[in-house]
Each structure stands twice: as structure tokens, then as C-alpha cells.
Amino acid sequence: MPSPQQARAQASAITSGRAAPATEASPTSRLRTLFDRPRLSPGQRRIAQYLIDHLHEAAFLSITDLADRVGVSQPSVTRFASAVGFSGYPALREQLQAVALGGRGGPAEENRGNELQAAVDAEIENLANLRRDFADADRVIEVGRELAASAPLTVLGLRISVSLAEYFAYAARRIHPDVRLVTGGGTVAYDALLQSREAGGAWVLAFSMPRHAHETLSAVRVARGAGLKVALITDLALGPLADEADVAFATGTGSRLVFDSYAAPGVMCAALLQAMTDADPGRTQARLEEYEHVADEHQFFLRD
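Asks: How do you make sense of unusual backbone geometry when you look at a structure like this?
Replies: Glycine aside, residues mostly have negative phi, and peptide bonds are mostly found in the trans state. The omega torsion across Ala151 and Pro152 is 0 degrees, close enough to zero to call that bond cis. A cis amide bond, omega -5 degrees, links Pro210 with the succeeding residue Arg211. Relative to the elements of secondary structure, Arg211 occurs in the loop between strand E3 (203-208) and helix H12 (214-225). If you check the backbone angles, Arg159 has positive phi at about 50 degrees while not being a glycine.

In C-alpha cells form, the structure reads like this:
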């Protein structure tokens, strides 16, 4: 989240048509941005965390030394480099050295117009990363099938994440007979999660967008403790929330403006909803037809 000073600079850039100067990110945040895009296995997350915690030393290690320090095999390091978008470990190490020595690495950023245009460019990049993730759609299809079969299905979104949770729950109710939306934290969330499990629910779909709330982590832990499985849509593949979830979908958020934007998480929601509809096409068709009948009868919508 930009500081008030950064927000004022951005507002000035928008009104003047000039791009606001980019704030120099810390080495740690730059590495998290680099490593949080792909879906990382537990072993790959260990490598990523070691590189974040020991950047200035690790940037100059051989592949053998790095594998020994982390406690993984050399092929695991090579696969990790590929997973985060590099041709191999030498290319990854070159980037790490650029970060450690204070260089930005990679090609110079082009003139991206004013700040609003730069925000759109950043979201286009987030969507491009999500498109690459969707090259292997099996995980989305499988989780959609599990969510469709969970009755009830609980959708959890607290604080800034409420809007995404409400969107998903609104659409899911058209195709699922029992969707329970939880947008209040603390003991209210705990009650709802425990009741969902007692009613036979198997899954919770949770949302956690920046800034990540302690109460979201607590609710996820309560859900897991009650025997519910957790699918998480967030912007980070690393960290305690991703570690607690049974499956995490990491999608980038737009952070160039005063408040974040959620183009990629929104598409991720739509993809899971599509997977849910495909999991039980008969139920989907019957429910959608019934909804259209009710909508027509009560004139929910303006006619075209």
C-alpha cells in the first residue's frame, strides 16, 4: 500500500499525464515478487525462502553448495529455477546477484505513460502470468470438482477480501445448493466454520488479498482443525497462509495505484466457477433454468 506521500505523487502524475517515479523495492520484496508467481512445491518453497533469507550469500553459491545448504538435490534446484521463469540455475543466479548488488536486473523498463496506463500494464502482466499457470488446468478442474461436491460450501473473505468472496458466493449460489458466505472474523467466523463442518461440508474457499489479516490466518487454522479442507486464492505462493492451505492459487494483484486492483484474482474466481459448473452439468443446467424462471417471474433485471 503506498504511503500518503506516494499517493500524492501518483495523483499528481495522473492529473498531469506524467508517470509517477517508481519506488525502489527492497531486495526482499523483489525476490518475493519473483518467487510468488508460480505454483511452488514444498521443496521449492524451501529453496525460495532460503534465497530470500540469505540473499547476499546465496547469490554467489554454486548449484552444489546451494543444494547442500537447503537440503535438496541439484535437480531440485534446476527445476526451481525453471519454475520461477529462468532457463536454468546460472540465469537465476545472475538475477540474484543483480538484486544483491543493487541492480534491477533484466531489461530496462520502457516508458509506460502515465500512472493509470502503468497500472493497466501491470495487470496485463498479472493476467499473462495467470495464463501461463492455466497451461496445466488439471488442478483448477480438480479443485472445482471438490468445491462442487462440498455441501455446504463455505466461502471466506475478510476485510479487503470481502468483495471477491461476495462475487464468488453470489455466482456459486446459482449452481450450488448450499453456499455459505463468511465475511466477519473472530468467533463469528469460527462458529460458521464449525457449523459448516457439522452440516457435512468438506471444503472452504478462502480469499486473502494484501494486506493479509491475522484473522484470516486464524480462521483458516480453525477450518483445518475442524476437518475442513481449504482452497486459498491469494497473491502469495509463500508464507503462513499458503502453508496452511491444502491448495493455494497465487495470482498477482495490481499495486500501482493507491488501492490494489484484482483482475487476475477475478479471472481465477471465474475459472473455479467454470470448473464447478462442468463438474455437475446436470445440476448446473437445472439450477440455472430454475433461476431464470424466478428472475423472469419477479422481474429481477431490466429487459434488453
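Asks: It is not clear to me how the pairing of strand E1 (residues 153-157) should be interpreted in this structure. Could you clarify?
Replies: For a regular strand, side-chain orientation follows a simple rule: the groups alternate between the two sheet faces. Counting buried positions along E1 gives five out of five residues, so the element sits mostly inside the fold. Pairing geometry for E1 and E3, over four bridges, is parallel. Bridging across to E3, Leu156 finds its partner in Ala206.

Asks: Which parts of the structure should I look at to understand the sheet that holds strand E2 (residues 179-182)?
Replies: In any sheet, the strands associate via hydrogen bonds between backbone groups, in a parallel or an antiparallel arrangement. In spatial order, the strands read E2-E1-E3-E4-E5; together these five strands make up an open sheet with parallel pairing. Two strands close off the open sheet at either side, each with one partner strand: E2 and strand E5 (247-250). Geometrically, the sheet is characterised by an average inter-axis angle of 15 degrees between neighbouring strands, direction not taken into account. Two strands pair when backbone bridges link them, and E1 and E2 are joined in this way by four bridges, in the parallel orientation. Residue Thr154 lies in a different strand from E2, and its bridge partner there is Arg180. Across the face of the sheet, helix H10 (residues 162-172) comes into contact with E1, E2 and E3 while running at roughly 155 degrees to E1.

Asks: So what exactly am I meant to see when it comes to helix H6 (residues 74-83) here?
Replies: Two residues of an α-helix separated by three or four positions point the same way, owing to the 3.6 residues in each turn. By the burial criterion, the buried members of H6 are Ser76, Val77, Phe80 and Ala81. Taken end-on, H6 shows its buried residues confined to a sector of 140 degrees, consistent with a single buried face. Looking at the buried side of H6, the elements it contacts are helix H2 (27-35), helix H3 (42-53), helix H5 (63-70) and helix H7 (89-100). Positive backbone phi, at 100 degrees, marks Gly85, one or two positions downstream of H6.

Asks: Whenever I open this one, the environment of Gly71 confuses me. Can you help?
Replies: Along the polypeptide, Gly71 turns up in the loop between H5 and H6. Sequence separation between Gly71 and Gly43 is 28 residues; the distance between their C-alpha atoms is 9.2 Å.

Asks: Teacher, can you tell me more about a nonpolar patch on the surface here?
Replies: Taken together, the side chains of Tyr170, Phe300 and Phe301 present a nonpolar region at the surface, about 350 Å² in accessible area. Assignment of secondary structure puts Tyr170 in helix H10.

Asks: Would you mind showing me how to read the packing of helix H9 (residues 138-149) against helix H14 (residues 263-279) here?
Replies: When two helices pack together, their arrangement is given by the angle between their axes and by how far apart the axes lie. The geometry of H9 relative to H14 is characterised by a closest axis approach of 7 Å and an angle of 65 degrees between their N-to-C directions. Handedness of the crossing formed by H9 with H14: right-handed. Each of Val140, Ile141, Val143, Gly144, Arg145, Leu147 and Ala148 in H9 lies in contact with H14, whose residues at this interface are Met268, Ala271, Leu272, Ala275, Met276 and Ala279. For the contact of H9 with H14, a count of residues per class yields eleven nonpolar, one polar and one charged.

Asks: I tried to follow the nonpolar core on my own but got confused; where do I start?
Replies: A general trend in soluble globular proteins is that nonpolar side chains are found buried together. Judged by nonpolar contacts, the single largest core of 31 residues is most densely connected at Leu147, Phe168, Phe207, Ile233, Leu272 and Met276. The set of elements that each furnish at least two residues to this core consists of H9, E1, H10, E3, strand E4 (229-234), E5 and H14. Here this core gets eight residues from one element, more than from any other, and that element is H14. Residues in contact with Phe168, not counting those within four places in the same chain, are Leu147, Leu153, Val155, Leu205, Phe207, Cys269, Leu272, Leu273 and Met276.

Asks: Honestly, the packing of aromatic side chains in this entry has me stumped. Any pointers?
Replies: Here the distance between the centres and the angle between the planes together describe a pair of aromatic rings. Counted according to the given criterion, the structure contains four aromatic pairs. Between Tyr291 and Phe300, the ring centres sit 6.1 Å apart and the planes meet at 55 degrees, which makes this aromatic pair tilted. A relative accessible area of 16% means that Tyr291 is categorised as buried. Through a chain of ring-to-ring contacts, three or more aromatic side chains come together here, namely Tyr291, Phe300 and Phe301. The ring of Tyr170 has Arg174 sitting right over it, with the charged end atom 5.1 Å from the ring centre. One residue, Arg174, lies across the ring of Tyr291, its end atom 4.2 Å from the ring centre.

Cut-offs used in this document
- Residues numbered from 1 in each chain as written.
- Predicted model: local features only at pLDDT ≥ 70, side-chain atom pairs only at ≥ 80, totals over all residues.
- Heavy atoms only, no water.
- Helix = DSSP H or I, 4+ residues; strand = E, 2+ residues; numbered from the N terminus.
- Buried < 20%, exposed > 50% of the residue type's maximum accessible area, 1.4 Å probe, protein only.
- Pairing = 2+ DSSP bridges.
- Axes fitted to C-alpha atoms, helices over the stretch in contact; angles between N-to-C directions.
- Contact = heavy atoms within 4.5 Å.
- Arc of directions from axis to C-beta.
- Patch = residues over 30% accessible without salt bridge, like charges linked within 9 Å, V, L, I, M, F, W, Y side chains within 5 Å.
- Areas by Shrake-Rupley, 256 points an atom, 1.4 Å probe, with all protein chains shown as cover.
- Salt bridge = Lys/Arg side-chain N within 4 Å of Asp/Glu carboxyl O.
- Left-handed = near helix turned anticlockwise from the far one by under 90°.
- Nonpolar A, V, L, I, M, F, W, Y, C, P; charged D, E, K, R; others polar.
- Core = buried A, V, L, I, M, F, W, Y, C linked by side-chain atoms within 4.5 Å.
- Phe/Tyr/Trp six-rings, centres within 6.5 Å; stacked < 30°, edge-to-face > 60°.
- Lys NZ or Arg CZ within 6 Å of the ring centre and 35° of its normal.

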